[in-house]
Structures are given as structure tokens and as C-alpha cells.
Amino acid sequence: MSETFGFLAVLLFIAANAYYPAKEIAKQYRPWTKEMTRFFKQYLHLHAALNLVAFLFVIIHAHFAEPDEKNLILQITMVLTLWLTIAGVMMYYQVSLGLKKKHLRIMHTQQVVFALWLVFIIVGHSLG
Ligand code: HEM
């Protein structure tokens, strides 16, 4: 159960977050055509939806994992995932709760947080 949901979550996270490198690459080919703009608009909806489903899968994955597999790094990773998901939902649905748009964007799209999130997932799982 835990393994299946973990595997599905990875697949969804990859499909959802390829959005970021794809957009970074595409930025070098500006100005964009109408099709390109439309593509990234639609991909953003997919980014949001797939990340939300992946988060649900990660919760199931973690819940059913063996107690000795729940190390500190993976617990921090869970908090980071929750952070990214909440900030993403706030950006997407424009629920600022008094925060400036600029700050909300920083909270969700910081390269450092994204890189840390990836490193923690890999390191946490390699510890067993
Ligand atoms: C762990 C889950 C997530 C990760 C790792 C993640 C990662 C990222 C990254 C790295 C960016 C920056 C893209 C760029 O600069 O072009 C981004 C943008 C964005 N994400 Fe997420 N995200 C996650 C979940 C979500 C969720 C659940 C939502 C909404 C329901 C969401 C909504 C957004 C929005 C609105 C943007 C701004 C898009 C733009 O202006 O191009 N994200 N995300």
C-alpha cells in the first residue's frame, strides 16, 4: 500500500513539476507565440491539480510506511511539501490572507526551497 502510493506520488510530482524546468527553458525563446502562452496556462492547471493529488498520495504513502522508515529528514520533507502545497493553493486561488502577492510568490517559487525539497526526498529515502 505504502509503496504503491509512493510510486504513484513520484510519477505525479514529476509530471506536475516538469512545469518549472520547461518554463525556464521556454523563457529563453521569448516572445512566445499564442500557442506557447496557452500551453503554459494549461500546464499550470495541471501543475496545481497533479500536485494536489500527489500530496494526498504522499499522506497515504507516509501513513502506511513502516515506523522505522519515518526518519527526521522525511518528516522535514513532509513539512516542506505541506508548505509548498499551501503556498501554491494560496497563489492559485489568490487567497493572500494579507500577504503581498510578491511575498506569496517568493514563498512558493523559491529555487532554494524547491532544490532542498528534491534533495530531502532523495536523502530521506536513501537513509531507509
Ligand atoms: C509539492 C508541490 C509543489 C511544488 C514542488 C511546486 C513547485 C513550483 C515551482 C518550482 C514553481 C515556479 C515555476 C516558475 O517559476 O515558473 C511553481 C509555480 C506555481 N505553482 Fe507550484 N508547486 C507545488 C504545488 C502547487 C500547488 C498544489 C498549486 C496550486 C493548487 C501550485 C500553484 C502554483 C502557481 C499558481 C505557480 C505560479 C505559476 C507561474 O506564475 O508560472 N503549486 N510551483
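Structure first, text after, so check above.
Residues numbered from 1 in each chain as written. Predicted model: local features only at pLDDT ≥ 70, side-chain atom pairs only at ≥ 80, totals over all residues.

## Looking at the overall build of the protein chain
On a plain count of helices and strands, the protein chain comes out with six helices and zero strands. Listing each helix as α and each strand as β along the protein chain from the N terminus yields α-α-α-α-α-α. Its C-alpha atoms put the protein chain at 50 × 30 × 20 Å along the principal axes. Relative to all contacts within the protein chain whose residues are 6 or more apart in sequence, the contacts with residues 24 or more apart total 76%. (Helix = DSSP H or I, 4+ residues; strand = E, 2+ residues; numbered from the N terminus. Contact = placed C-beta atoms within 7 Å.)

## Describing the packing of helix α3 (residues 34–63) against helix α4 (residues 72–92)
The contact between α3 and α4 brings their axes to 11 Å, and the two run at 155°. When the interaxial angle is binned, α3 and α4 end up roughly antiparallel. Crossing of α3 over α4 shows left-handed handedness. Residues Ala48, Asn51, Leu52, Phe55, Val58 and Ala62 of α3 form the contact with α4, whose own contacting residues are Met78, Thr81, Thr85, Gly88 and Tyr92. Taken together, the residues that form the contact of α3 with α4 break down as seven nonpolar, four polar and no charged. (Axes fitted to C-alpha atoms, helices over the stretch in contact; angles between N-to-C directions. Parallel < 35°, antiparallel > 145°, perpendicular 65-115°, else oblique. Left-handed = near helix turned anticlockwise from the far one by under 90°. Nonpolar A, V, L, I, M, F, W, Y, C, P; charged D, E, K, R; others polar.)

## Structural notes on the site of the ligand
Close contacts around the ligand come from 19 residues, with Ala48, Asn51, Gly88, Tyr92 and Thr109 the closest. At seven residues, α4 tops the list of elements feeding residues into the shell around the ligand. Its residues placed into classes, the shell around the ligand shows ten nonpolar, eight polar and one charged. (Near = placed C-beta within 6 Å.)

## A closer look at the nonpolar core
Formed by Phe5, Ala9, Leu12, Phe13, Ala16, Ala54, Phe55, Phe57 and Val58, the largest nonpolar core amounts to nine residues. Those elements giving two or more residues to this core turn out to be α1 (2–17) and α3. A per-element tally of this core places α1 first, with five residues. Residues within four places of alanine 9 in sequence aside, it is in contact with Ala54, Phe57, Val58 and His61. (Core = buried A, V, L, I, M, F, W, Y, C linked by C-beta atoms within 7 Å. Buried ≥ 20, exposed ≤ 12 C-beta atoms within 10 Å, placed from the backbone.)

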